[in-house]
Amino acid sequence: MNPIERLKQTLDAAGCRYRCEEPLRLHTSFRIGGPAELFVTPDSPRQTAQLLDACRRFGVPALVMGNGSNLLVPDEGIRGAVVAFGASMSRITRRGNTLIAEAGATLSQLCRFAQQEGLTGLEFAWGIPGSVGGAVRMNAGAYGGEIKDVVTAVDGLTTDGKAFSVSAQEAQFGYRTSRFVAGEIVSSAVFSLFPGSPETIDARMAEILQKRMEKQPLDYPSAGSAFKRPKGAFAAALIDSCGLKGLTVGGAQVSEKHAGFVINTGGATAHDVLALLRQVQEEVLRQTGILLEPEIQILK
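Quantities reported herein were computed from a predicted structural model and do not represent experimental measurements.

Lay out the side chain of threonine 48 in plain terms, naming residues and giving numbers.
Along the chain, threonine 48 falls in helix α2 (residues 45–58). The exposure class of threonine 48 is buried, given its relative accessible area of 0%. Excluding residues that lie within four positions of it along the chain, threonine 48 makes contacts with Pro42, Phe85, Met89 and Leu157.

How would you sum up the packing of aromatic side chains? Please name residues and give values.
Applying the stated rule across the entire model yields 1 aromatic pair. Between phenylalanine 164 and phenylalanine 180 the ring centres are 6.4 Å apart and the planes differ by 15 degrees, which places this aromatic pair in the stacked class. Pair noted here: phenylalanine 164 is in strand β12 (residues 163–167) and phenylalanine 180 is in the loop between β12 and β13 (185–192), with a separation of 16 residues, a long-range link. Both residues of the pair, phenylalanine 164 and phenylalanine 180, belong to the buried class. Across the ring face of phenylalanine 58, the terminal group of arginine 57 is positioned such that the distance to the ring centre comes to 4.9 Å.

An account of the sheet that holds strand β18 (residues 261–264) is requested, with residue identities and associated values reported.
The 4 strands are arranged β15-β18-β17-β16 in an open sheet whose pairing can be described as antiparallel. Looking at which strands have only one partner, the edges of the open sheet turn out to be β15 (222–225) and β16 (248–249). Bridge count between β15 and β18: 2 bridges; the pairing is antiparallel. Among the inter-strand pairings, serine 225 is bridged to a residue of β18, identified as phenylalanine 261.

Run through the environment of proline 42, naming residues and quoting values.
Assignment of secondary structure puts proline 42 in the loop between β2 (35–41) and α2. Overall, the relative accessible area of 0% leaves proline 42 in the buried class. Through-space distance from the C-alpha of proline 42 to that of leucine 11 is 9.4 Å; in sequence the pair is 31 residues apart. When neighbours within four sequence positions are excluded, proline 42 is seen to be in contact with Cys16, Gln47, Thr48, Val83, Ala84, Phe85, Ser88 and Met89.

If you had to explain the sheet that holds strand β11 (residues 151–157) to someone new, which residues and values would you point to?
Read across the sheet, 5 strands follow the order β6-β7-β13-β11-β12 without closing on themselves; strand pairing throughout is antiparallel. Every other strand in the sheet has two partners, leaving β6 (92–95) and β12 as the edge strands with one partner each. Across this sheet, the average inter-strand angle for adjacent strands is 20 degrees, counted without regard to direction. Contacts between α2 and the sheet are confined to β7 (98–102), β11 and β13, with β11 contributing the most and set at about 45 degrees to the helix.

Let's hear about α2: which residues, and what values?
Here α2 spans 20 Å end to end across 14 residues, near enough to the 20 Å set by a 1.5 Å rise per residue. At the exit of α2 stands glycine 59, carrying a positive phi of roughly 70 degrees.

I'd like a rundown of the nonpolar core, residues and numbers included.
Ranked by size, the top nonpolar core spans 35 residues in total, and within it Leu110, Val136, Ile147 and Phe191 carry the most contacts. For this core, the secondary structure elements donating two or more residues are β7, α3 (107–116), α4 (132–138), β11, β12, β13 and α5 (198–215). In terms of residues, this core owes the most to one element, α3, which gives 4 residues. Aside from chain neighbours lying at most four places away, what touches isoleucine 147 is Leu107, Phe124, Ala135, Val136, Asn139, Ala140 and Phe191.

So what about the environment of valine 40? Which residues, and what values?
Structurally, valine 40 is set in strand β2. What makes valine 40 buried here is its relative accessible area of 0%. C-alpha of valine 40 to C-alpha of phenylalanine 180: the two residues are 140 residues apart in sequence and 20 Å apart in space. If we ignore the near neighbours within four places in the chain, the residues touching valine 40 are Leu11, Cys16, Arg17, Tyr18, Leu51, Ala81, Val82, Val83 and Ala84.

Requested: an account of the packing of helix α1 (residues 3–14) against α2, with residues and values cited.
Direction vectors running N to C along α1 and α2 enclose 155 degrees, while the axes themselves pass 10 Å from each other. Classified by the angle between their axes, α1 and α2 sit roughly antiparallel to one another. Read as a crossing pair, α1 and α2 show a hand that is right-handed. Judged by residue contacts, Pro3, Arg6, Leu7, Thr10, Leu11 and Ala14 of α1 engage Gln47, Gln50, Leu51, Ala54, Cys55 and Phe58 from α2. Residue classes in the contact of α1 with α2 are distributed as 8 nonpolar, 3 polar and 1 charged.

Can you tell me about the side chain of arginine 212, naming the residues and giving the values?
Residue position: arginine 212 is located in helix α5. Buried charge without a partner: arginine 212 forms no salt bridge, and the closest opposite charge is glutamate 295, 9.8 Å away. Beyond its immediate sequence surroundings of up to four residues, arginine 212 is in contact with Phe124, Trp126, Gly127, Ile128, Ala142, Tyr143 and Leu218.

What counts, and at which threshold
Counting restarts for each chain, with residues numbered from 1 along the sequence as it is written. Since the coordinates come from a predicted model, pLDDT governs what is reported: local features require at least 70, and pairs of side-chain atoms require 80 or more to be given and counted, while whole-chain, interface and lining totals use all residues. Just so you know, side-chain values use all the structure's heavy atoms and leave hydrogens and water out. A run of H or I in DSSP counts as a helix once it spans at least four residues, and a run of E counts as a strand once it spans at least two, with each numbered from the N terminus. Relative accessibility decides the category of a residue: with a 1.4 Å probe and only protein chains considered, values under 20% of the type maximum give buried, values over 50% give exposed, and everything between is partly exposed. Contacts: residue pairs with any heavy atoms within 4.5 Å of one another. Centres within 6.5 Å make a pair out of two Phe, Tyr or Trp rings, where for Trp the six-membered ring is used; the pair is then stacked when the planes are under 30 degrees apart, edge-to-face when over 60, and tilted otherwise. Only Lys NZ and Arg CZ are tested; either one counts as a charge over a ring when it is within 6 Å of the ring centre and within 35 degrees of the ring normal. Pairing between strands requires that DSSP locate at least two bridges from one strand to the other. Comment: axis = line fitted to C-alpha atoms, over the contacting stretch for helices; angle = value between 0 and 180 degrees taken between N-to-C directions. Take the number of residues in a helix, subtract one, and multiply by 1.5 Å to get its expected span. Definition used in this section: a nonpolar core is a set of buried Ala, Val, Leu, Ile, Met, Phe, Trp, Tyr and Cys residues joined via side-chain atoms within 4.5 Å. An angle below 35 degrees is treated as roughly parallel, one above 145 as roughly antiparallel, one from 65 to 115 as roughly perpendicular, and anything else as oblique. Less than a right angle of anticlockwise turn of the near helix away from the far helix marks a crossing as left-handed, whereas a clockwise turn marks it as right-handed. Only Asp, Glu, Lys and Arg are considered charged in this grouping, and only Ala, Val, Leu, Ile, Met, Phe, Trp, Tyr, Cys and Pro are considered nonpolar; every other residue, Gly among them, is considered polar. Within this scheme the basic residues Lys and Arg register as positive and the acidic residues Asp and Glu register as negative, but His and the chain ends are omitted. The term salt bridge refers to a pairing of a side-chain nitrogen on Lys or Arg with a carboxyl oxygen on Asp or Glu at a separation within 4 Å.

Purely geometric stuff here, so don't read any function into it on its own.
Here it is in structure tokens:
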């Protein structure tokens, strides 16, 4: 029996849901990506740990994904198991002025929960189309705030399913990075907030969403900001100054509304996006001497 069949038997015994050859374009904000050999949706950290341990024992590669909002999945798909934290791992609870959120909760769910509970501090994250797990992993940020400003502790799993907890300092947050980028998996996080007026919080969230709608190409699939902010400059401004707005490869285009975004205008492939990113990097480097680093996580 091959490793995938052995893993499927283990998942069946554990009552863990999975689908075979699931198109990942259905699970990414880019709407790009081939099939996952196994698309697994555990419903608890314990079930996730059992799954990761089984993958290790059977030699099956495992990739954990959140809301798929910062990913470029190859057209050929992903072999092995893609582990997706979704609605079944999205519980949010309040304890005093802190919120404990599981990795599968979306940032929008978390922000709205905080607003309804009269807790302020998360407004900057309203409209970021990611999950708690992905946001902690990448230290997501916008409008003057970052996840590191509000997270006080993180529960995680090693790649072979061992549970651990770390403080915010131990999480090693940096600009769009943390210790979890190296492979450890976020299972939940604790957010420390402050009492506030639900009406005031809601107004601030509406203001931020309006800014996003005015400046960002939200009417097209994308993976958010295509490039990280280089030291002393802004990626979008550099791309714009190099005359690259509207540059197109296949169905992928540098947004004419916001040069920091690469959008899927319809039918874009991962190959289209990769070719476009390379062209942008090469031209910006040629004209400015600055090499832009992709912010999109490019899977192989």
